Amino acid sequence: SRGLGDVYKRQDDNNSSIDNLESLINSLEMQKKYTTADELNKLNTQIADVNKQLISLNNDNKELQEEIDEINKKIDDYKAIKMMYE
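Residues numbered from 1 in each chain as written. Predicted model: local features only at pLDDT ≥ 70, side-chain atom pairs only at ≥ 80, totals over all residues. Heavy atoms only, no water.

Regarding a negative patch on the surface
Here's step 1: Where like charges cluster on the molecular surface, the negative patch consists of Glu63, Glu66, Asp69 and Glu70.
Here's step 2: By secondary structure assignment, the location of Asp69 is in helix α2 (residues 37-84).
Here's step 3: You can call Asp69 partly exposed: its relative accessible area is 44%. (Patch = residues over 30% accessible without salt bridge, like charges linked within 9 Å, V, L, I, M, F, W, Y side chains within 5 Å. Areas by Shrake-Rupley, 256 points an atom, 1.4 Å probe, with all protein chains shown as cover. Salt bridge = Lys/Arg side-chain N within 4 Å of Asp/Glu carboxyl O. Lys, Arg positive; Asp, Glu negative; His and termini not counted. Charge placed at Lys NZ, Arg CZ, Asp CG, Glu CD. Helix = DSSP H or I, 4+ residues; strand = E, 2+ residues; numbered from the N terminus. Buried < 20%, exposed > 50% of the residue type's maximum accessible area, 1.4 Å probe, protein only.)

If you want it as structure tokens, here you go:
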């Protein structure tokens, strides 16, 4: 199983990607204001693709958070057992 550090790092990477993708969506939305009907379809398709990536990253983060919670629970259980023998 992965260490806590690995999980946090992956979450950080995801969060950076999420920030970048959200900026990209904002910029694509801005472009829509100054575009032809033809270009509009392309932009909407791009935005839909970026949104799919965002959903995927957010789901991954949710799973990582569950993994973090599980690891922390194991640590707490371990500490409780250790205290009983001190």
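Focus: the environment of Leu57
Here's step 1: Looking at the element boundaries, Leu57 is found in helix α2.
Here's step 2: Judged by its relative accessible area of 16%, Leu57 is buried.
Here's step 3: Remark: the alpha-carbon pair of Leu57 and Asp13, spanning 44 residues in sequence, is separated by 9.8 Å.
Here's step 4: Among residues more than four places away in sequence, those in contact with Leu57 are Asn14, Ser17, Ile18 and Leu21. (Contact = heavy atoms within 4.5 Å.)

So, helix α1 (residues 4-32)
Here's step 1: For α1, spanning 29 residues, the distance from its first C-alpha to its last is 42 Å, which sits close to the expected 42 Å at 1.5 Å a residue.
Here's step 2: The complete set of buried residues in α1 reads Val7, Gln11, Asn14, Ile18, Leu21, Ile25 and Leu28.
Here's step 3: As for α1, its buried residues are in contact with α2. (Expected span 1.5 Å × (residues − 1).)

Read these as geometric descriptors, not functional statements.
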